[in-house]
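# Structural characterization, general
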Amino acid sequence: MAFTSAIDDGANLTTSGSFLEPFLLPRVSGTPANVRVRDHLVQTLSALGWNVETDVFRDKTPVGELEFANVIATWNPHAPRRLVLAAHFDSKLLDGGRVEFIGATDSAAPCAMLVDLATTLAPMLSRTPGATTEVSPELIFFDGEEAFGDWTDDNSLYGSRHLAKRWAEEPWIGALENDPVAKLPGSEGLANIGVVGGATDKTAGSADGPTGRLAGIDAFILLDLLGYRGSRIQRMQTRTAWLWNRLVEIEHRLARHGLLADTEKASVLLESGHPAYFVPGKGSTSHFVDDDHRPFMRRGVPIVHVIPVPFPPVWHTVADDASALHIPTILDITRIMRVLVVEYFGLSS
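Values in this document were obtained by computation on a predicted structure and should not be read as measured data.

### Quick notes on the overall build of the protein
- A count of helical and extended segments in the protein gives seven helices and 10 strands.
- In the protein, which comprises 349 residues, the share counted as buried stands at 58%.
- Considering only contacts in the protein between residues 6 or more positions apart, those separated by 24 or more positions represent 80%.
- For the protein, the computed accessible surface area is about 13,400 Å², with 53% contributed by carbon and sulfur atoms.

This is the structure we're talking about:
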């Protein structure tokens, strides 16, 4: 089966593996460690053949003006459309820096998942150049997601707010006249359904839909707070239900073929239908979870927010270190995302 081309043993996703270990350190925005992680991303992704852009800017924060830098990796920068997968690579300044906060789930593990995805996709994409003529995978590593002190609209999401605004104003030759998502397989009739906070998922604060480079984004998949055992992920957007249903179906398919690393969860899924990770249907949470997708969603970009609710119990505590990570959970969510993207682009080994 074609989807097995996206499965491997995941050795690099252990806490000492080359994908995860470089992120398991404090990475507060504006610090030398943050720059080292940024440089690691640029070097790693460039070596794999991705076209890498560093979006450097300065912004005022409660601790002074700081330099931030988003890292964007695109396989084919000439494609008019993009499937975006994103995570933030900075870590929180906890207790004024008096304690060391790693942020293993928040978001070292999600970053490692994206590096794994970049590594898995690169040889497949190289062998199939026609797969990205119209739509390209694009990976975004945001800087400055975390607030310095209390979270507010202006003291958080520094990188995503900057990039969404920049891309909305950037002329884009690939911008389509109509919503690109409405033309994708399995998405018929979903583009205008659903209410979030009194606005449709499609507009979410934007009366005319996405503009500029944002208009070329098929979907924006954001990964956050992943890697803790027992976390389940609920769907919070209606517009991208078709894409969420694919994640649910892939999870079931991997379980049936014995390809989930957490065999206990796989057994429960097969015997009772109780989801291992991705909860079918609309989630029960009624509140909006603020995150790096917000500036894009408010400009009309279709969102898939991959975040467990409730949050892991280690959230924003010193316990969110390497010991909080459950490697089979990381492997399983990574494999699900690999299969999703491999099949989205029609790739094979």
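### Looking at the nonpolar core
- By size, the foremost hydrophobic cluster in this structure holds 70 residues, and its most contacted members are Trp50, Leu85, Phe141, Ile221, Phe278 and Met337.
- A per-element tally of this core places helix α2 (residues 104-127) first, with 14 residues.
- Ranked by size, the runner-up nonpolar core spans 17 residues in total, among them Ile140, Phe142, Ala168 and Met297.

### A word on the environment of Ala109
- By the secondary structure assignment, Ala109 is in helix α2.
- In this structure, the C-alpha to C-alpha distance between Ala109 and Thr15, residues 94 residues apart in sequence, is 9.2 Å.
- Once residues within four sequence positions are removed from consideration, Ala109 is found in contact with Leu20, Ala104, Leu226, Leu325 and Ile330.

### Quick notes on the pairing of strand β1 (residues 51-61)
- The pairing of β1 with strand β2 (residues 64-74) spans 11 bridges and is antiparallel. Paired with Val56 across the strands is Ala69, a residue of β2.
- Between β1 and the antiparallel strand that follows it, β2, lie two residues.

### Some points on the pattern of salt bridges
- Considering all chains together, one arrives at 19 salt bridges under this definition.
- A salt bridge links Asp95 to Arg98, with the shortest nitrogen-to-oxygen separation between them at 2.9 Å.
- Between Asp116 and Arg338 there is a salt bridge, and its shortest N-O distance comes to 2.6 Å. Of the two residues, Asp116 sits in helix α2 while Arg338 sits in helix α7 (residues 327-344), which places them 222 residues apart along the sequence. For the pair Asp116 and Arg338, one class covers both residues: buried.
- Put simply, Glu53, Asp55, Arg82, Glu138, Arg166, Glu170 and Arg213 are held in one network by salt bridges that share partners.

### Here we look at α2
- Taking 1.5 Å per residue as the helical rise, α2 with its 24 residues ought to reach 34 Å, and the 34 Å between its terminal C-alpha atoms agrees with that figure.
- Along α2, the sharpest kink reaches roughly 35°, centred on Leu121 and followed within four residues by the proline Pro123.
- Among the 24 residues of α2, 20 are classified as buried, and the element is accordingly described as predominantly covered.

Quick notes on the rules
Residues numbered from 1 in each chain as written. Predicted model: local features only at pLDDT ≥ 70, side-chain atom pairs only at ≥ 80, totals over all residues. Heavy atoms only, no water. Helix = DSSP H or I, 4+ residues; strand = E, 2+ residues; numbered from the N terminus. Buried < 20%, exposed > 50% of the residue type's maximum accessible area, 1.4 Å probe, protein only. Contact = heavy atoms within 4.5 Å. Areas by Shrake-Rupley, 256 points an atom, 1.4 Å probe, with all protein chains shown as cover. Core = buried A, V, L, I, M, F, W, Y, C linked by side-chain atoms within 4.5 Å. Pairing = 2+ DSSP bridges. Salt bridge = Lys/Arg side-chain N within 4 Å of Asp/Glu carboxyl O. Expected span 1.5 Å × (residues − 1). Bend = angle between axes of the 7 residues up to and from the residue.

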